[in-house]
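# A closer look at the structure
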Amino acid sequence: MSADNESRAERIRRLLDTEGPTVKQNAQGFNEGRYAAMADVDGEKLRSEARRIKEDAIERLPELIETARESVEENGGSVYLADDAADANDYLAEVCADADSVVKSKSMTTEELDVNEGLEAAGVDVTETDLGEFVLQVADEAPSHLIAPGFHKSTDEIAELFNARFDPAEPLETPEQLTTFARDHLGDRIRSADVGMTGANFVLAESGTLALVTNEGNARKCAVTPDTHVAVAGVEKLIPSVDELGPMVELLARSATGQEISQYLSLLTPPTDSPTIDFDSTEPIGGGAEDREFHLVLVDNGRFEMRDDEGLRETLYCVRCGACSNSCANFQHVGGHAFGGETYTGGIATGWEAGVEGTDSAAEFNDLCTGCSRCVNACPVKIDIPWINTVVRDRINRGAEPDAVDSLVDGLVPDDEEPGMDLGKRAFGNVGTLAKLGSATAPVSNWLADSAPVRGLLERGLGVDARRGLPEFQRETLQKWDRKRDAAVREPHDDRAVVLFPDVFTNYVDPERGKAAVRVLEALGVPVRVAGVVGSGRAPFSQGMIATAREQAEAVDDALSPHLDAGRDAVFVEPSDLAMVRSEYEKLLPANRAETLAGGSYEVLEYVYGLLENGVDPEPLPRGDGERLTYHAHCQQRTLGLDAHTEAVLGRLGYDVATTEAECCGMAGSFGYKADYYDLSVAVGESLADEVRESDGPEDRRVVASGTSCEEQLTDLLDRSATHPIELLDPER
Ligand code: SF4
């Protein structure tokens with residue numbers, strides 16, 4: 001491990017021990033709230049509508065900026081389009097030139113621009129009025145979450161901080177006492193401030209209206225109390241009009257905190273005064289704006305380049321709800337102080353940081369995205385966040401400087417990457433080749449790989465953590481077994497036939513689960529042959545080796561297409577390989593090829609479910625007789641909506657199935673092997689293992705997991721081994 005790697009591993013360990021427990025409680029609370037709140041609406045319809053609105057707004061961005069300029073100026077305000085952070089800060093310094101004090105509501109864009117630092121350097125007193133931001137200002141810390149900047153801090157920590165800083169007459173202890181103190185303190189600041197600065201969740205171009213979505217009401221106080229109001233917003237916050245606001249508002253609070261709607265939704269068309277009702281007055285509410293000043297600062301700071309960048313453009317659709325963070329198992333355990341860059345945190349932070357700060361900032365934390373894909377269905381605007389992370393990872397790989405060692409191995413490796421990329425990543429990306437070699441030379445390869453000197457070399461050279469057990473390669477692969485055997489279809493079912501895809505793990509490490517799949521399908525009357533290709537490209541894809549993944553996708557297409565053309569269905573034992581075909585090949589292959597492969601490919605239990613639903617008799621399969629199981633579905637399988645099929649099949653065969661809710665096992669392919677991330681992987685895995693233990697009752701349940709990684713992690717952490725569900729169905733069991 002390099003010194004740099006050590007510091008990363010140490011930082012993760014420190015955060016796991018310090019901020020981790022509070023972050024986990026809060027992130028999981030938001031995440032559970034999101035599931036419940038989204039269950040009340042037609043989420044798919046709303047998300048599609050929100051996506052359409054954002055796609056259209058970003059497409060029409062130059063036009064919307066001009067419309068907003070005209071509207072705001074007509075209302076009596078001004079619009080400034082800032083090219084970058086320096087430009088924005090110069091303008092703000094000018095606006096605040098005569099101000100002694102500025103009060104701010106929460107705004108990630110002003111964090112991005114370092115507005116506080118700029119104003120404070122000019123002698124302006126700046127006060128954050130969002131409770132979380134205020135806590136962090138007092139603590140002199142950076143936000144750890146997009147919407148809940150201080151959610152890494154417990155009540156006790158905040159009480160200690162406030163008591164030390166403000167020395168109140170009576171020590172503050174409870175959330176109510178802390179909130180009341182902050183409200184009074186900040187209320188005074190707001191009343192005496194010269195300038196109020198807000199962000200904007202949305203800017204409605206047609207009317208020049210700001211939509212502020214908050215839970216504390218501080219944003220509207222900042223907007224209307226001081227005589228001057230400045231709103232700072234990225235250009236991507238523009239939407240055409242109030243007509244487009246509905247789906248956004250409907251989704252934002254549900255996705256963010258699990259609320260049906262936030263406590264405050266303020267629609268302000270500044271310059272505007274406090275809308276105080278005076279029953280004796282005939283003046284319209286909200287009048288008295290003549291002496292007020294309003295500046296809308298729209299910020300580019302790299303966003304127009306992101307708009308032209310196919311890999312980053314989707315990032316601009318982000319409404320910054322934080323759902324991708326809350327649904328991310330790694331984020332749930334370490335929070336944004338590890339999983340974040342200069343400003344932004346969580347899964348989508350890679351896109352924001354790469355766009356506004358540069359690839360180096362994104363490189364600091366990009367590897368914390370394991371591509372589990374649990375954020376994809378959580379995102380209210382359907383951003384393919386893992387793909388953005390993969391694209392940026394690929395750029396990071398390609399931007400690395402070649403070094404002597406890598407130049408030596410370059411040309412010897414069977415990939416399509418350029419010199420200079422991290423050797424460990426390159427090894428994990430080529431795991432298919434290593435497994436082929438390991439299998440051909442087993443058992444010597446296993447003995448050698450497990451010897452202390454080799455483990456030491458693997459850790460120092462490739463970053464493979466010595467505490468993690470290595471897979472044991474089998475000499476007889478699934479493909480070899482298939483070539484030797486006699487097919488054993490009992491009674492053919494219709495004209496269905498299957499080509500079974502031998503993923504790397506099934507073929508070289510655990511052929512037994514592949515054999516079980518063959519026997520189950522043939523027992524149900526479906527002839528099976530094993531495909532002549534291994535590896536879907538998942539391994540290189542997960543390391544950001546897109547060119548190599550594309551090459552492997554083409555090989556899979558070449559191998560499977562003749563089978564699909566001949567009317568066979570492609571069946572996958574490993575959900576992550578199926579997810580490659582169904583979700584990722586559309587980025588790697590011509591559209592028609594990707595569509596054909598995706599349409600003809602199935603997860604093995606999904607396929608069995610389909611057969612049983614279509615009248616195939618399950619009689620040849622062994623029964624569960626009420627055996628108690630805990631089932632953990634693979635993360636990507638859940639994203640594809642295929643976990644229910646396994647539950648249904650196991651239930652139908654008589655098993656008593658309890659299903660886990662953890663978003664991910666923490667192993668995530670190579671992630672759990674990496675020395676930098678081993679502790680985090682185990683911490684995430686332990687949360688899942690705890691869930692399994694809780695489901696046990698007086699006697700242990702059998703543990704069943706669909707994914708290779710999940711099986712490995714659970715077997716490592718529990719005192720019993722996990723098995724693939726297809727093995728329970730094996731007629732030879
Ligand atoms: S990427 Fe999606 S889920 Fe993540 S913060 Fe943005 S809108 Fe929310």
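Per an unreviewed UniProt entry, the chain goes by LUD domain-containing protein and derives from Halolamina litorea.

Okay, the sheet that holds strand β4 (residues 195-198) next. Taken together, the six strands give an open sheet; going across it, the order is β1-β10-β7-β4-β2-β3, and neighbouring strands pair in parallel fashion. On the outer flanks of this sheet lie β1 (78-82) and β3 (125-128), each paired with one strand and no other. Neighbour-to-neighbour, the strand axes of the sheet open up by a mean angle of 20°, direction not taken into account. Running over the sheet, helix α4 (residues 61-75) touches β1 and β10 (293-299) and is turned about 150° from β1. Sitting on the sheet, helix α5 (residues 85-95) is in contact with β1, β4, β7 (228-234) and β10, with an inclination near 150° to β1.

Quantified by volume, the second largest pocket comes out at close to 1,200 Å³. Lining the second largest pocket are 45 residues, and of these Asp130, Ile147, Ala148, Pro149 and Glu216 sit closest to its centre. Partitioned by chemical class, the residues of the lining of the second largest pocket number 22 nonpolar, 17 polar and six charged.

Glancing now at the packing of helix α3 (residues 43-59) against α4. Packing of α3 against α4 brings their axes to within 5 Å, and their N-to-C directions diverge by 80°. Judged on the interaxial angle alone, α4 and α3 are roughly perpendicular. Across from Ala57, Ile58 and Glu59 in α3, the residues of α4 making contact are Leu61, Pro62 and Leu64. Here the contact of α3 with α4 is built from residues that sort into five nonpolar, no polar and one charged.

Turning our eyes to something else, we now look at the site of the ligand. Around the ligand, the structure places 14 residues, and the nearest of them are Cys318, Cys321, Gly322, Cys324 and Cys379. Each residue belonging to the shell around the ligand can be placed in one class, and the counts come to 12 nonpolar, one polar and one charged.

What follows deals with a nonpolar patch on the surface. A surface patch of nonpolar side chains, amounting to about 330 Å² of accessible area, comprises Val242, Ile261, Leu265 and Leu267. Within the element layout of this structure, Val242 appears in the loop between β8 (238-239) and α12 (245-256). By relative accessible area, Val242 is classed as partly exposed at 48%.

Moving on: the confidence of the model for the chain. Here the chain shows a mean pLDDT of 93. Residues at 70 or above account for 94%. With pLDDT under 50 throughout, residues 404-408 is counted as low confidence; its partners more than four residues away or in other chains account for seven contacts.

In this structure the tally under the stated criterion is 52 salt bridges. With its nearest N and O atoms 3.0 Å apart, the salt bridge here joins Asp394 to Arg398. Residue Asp394 and its partner Arg398 are both found in helix α18 (residues 385-399); the two are separated by four residues, about one turn of the helix. Note on Arg398: relative accessible area 27%, which makes it partly exposed. The shortest N-O distance in the salt bridge between Arg485 and Asp482 comes to 2.7 Å. The same class applies to Arg485 as to Asp482, namely buried. If you follow the salt bridges from partner to partner, you end up with Arg13, Asp465, Arg467 and Asp679 in one network.

Time to look at the nonpolar core. Phe202, Ile348, Trp352, Leu368, Ile383 and Leu680 are the most contacted members of the largest nonpolar core, which has 67 residues in total. Here Leu368 is in contact with Ile12, Asn330, Ala338, Phe339, Phe671, Tyr677 and Leu680, once residues within four sequence places are set aside. By size, the runner-up hydrophobic cluster in this structure holds 34 residues, among which are Ala516, Leu524, Val526 and Leu629.

Below, the discussion takes up empty space enclosed by the protein. Empty space among the atoms can be located by rolling a probe the size of a water molecule over them. Summed over all chains, the structure comprises three cavities of 30 Å³ or more. Within this model, the largest cavity holds a volume of roughly 130 Å³. In this structure, the largest cavity is lined by 17 residues; those nearest its centre are Cys328, Cys369, Thr370, Gly371 and Cys372. For the lining of the largest cavity, the class distribution of residues is 10 nonpolar, six polar and one charged. Estimated volume of the second largest cavity: approximately 80 Å³. Taken together, 13 residues make up the lining of the second largest cavity; nearest its centre are Cys318, Cys321, Cys324, Cys379 and Pro380. By residue class, the composition of the lining of the second largest cavity is 11 nonpolar, one polar and one charged.

The interhelical angle for the contact between helix α9 (residues 155-166) and helix α10 (residues 175-192), taken along N-to-C directions, is 45°, at an axis separation of 10 Å. Relative to α10, α9 is oriented oblique. For the crossing formed where α9 meets α10, the hand is left-handed. Residue-level contacts link Thr155, Ile158, Ala159, Phe162 and Phe166 of α9 to Pro175, Leu178, Phe181, Ala182 and His185 of α10. A breakdown of the residues in the contact of α9 with α10 according to their chemical character gives eight nonpolar, two polar and no charged.

Conventions we followed
All residue numbers here refer to positions counted from 1 along the written sequence of the relevant chain. It should be noted that, the model being predicted, local features are given only for residues of pLDDT at least 70 and side-chain atom pairs only at 80 or more, the latter also being counted only at that level, while totals for whole chains, interfaces and linings use all residues. Only hydrogens and water are set aside when side-chain values are computed; all heavy atoms of the structure are taken into account. Two strands pair under a simple rule: DSSP has to find at least two bridges between them. The way it works is that DSSP assigns letters per residue, a run of H or I at least four long becomes a helix, a run of E at least two long becomes a strand, and they are numbered from the N terminus. Between the N-to-C directions of two axes lies an angle of 0 to 180 degrees, each axis being a line fitted to C-alpha atoms and, for a helix, fitted only over the stretch in contact. We call two residues in contact whenever any of their non-hydrogen atoms come within 4.5 Å of each other. In this analysis the probe radius is 1.4 Å and the grid spacing 1 Å, with only protein atoms considered; a cavity is a set of points the probe fits into but cannot get out of, a pocket is an open set with protein on both sides within 12 Å along at least five of seven lines, and lining residues have an atom within 4 Å of a point. Grid points are joined across faces, edges and corners, and a volume is the space filled by probe spheres set on the points. Here the term charged refers only to Asp, Glu, Lys and Arg, the term nonpolar to Ala, Val, Leu, Ile, Met, Phe, Trp, Tyr, Cys and Pro, and the term polar to all other amino acids, Gly among them. The cut-offs work like this: below 35 degrees is roughly parallel, past 145 is roughly antiparallel, 65 to 115 is roughly perpendicular, and the gaps in between are oblique. When we say a residue is near a molecule or strand, we mean one of its heavy atoms is within 4 Å of it. Note that patches include only residues with greater than 30% relative accessible area and no salt bridge, and the join distances are 9 Å for like charges and 5 Å for nonpolar side chains (Val, Leu, Ile, Met, Phe, Trp, Tyr). Shrake-Rupley sampling with a 1.4 Å probe provides the accessible areas, and residues are treated as covered by the protein chains on show and by no other component. Note on definitions: salt bridges are taken to be side-chain nitrogens of Lys or Arg within 4 Å of carboxyl oxygens of Asp or Glu. When accessible area is computed with a 1.4 Å probe and restricted to protein chains, residues below 20% of their type maximum are described as buried, those above 50% as exposed, and intermediate ones as partly exposed. Residue-level confidence of the predictor is what pLDDT reports, using numbers from 0 through 100. Within this scheme, the nonpolar core is defined by two criteria: the residues are buried Ala, Val, Leu, Ile, Met, Phe, Trp, Tyr or Cys, and they are joined through side-chain atoms within 4.5 Å. In this scheme the handedness of a crossing depends on how the near helix is turned from the far one: anticlockwise by less than a right angle means left-handed, clockwise means right-handed.

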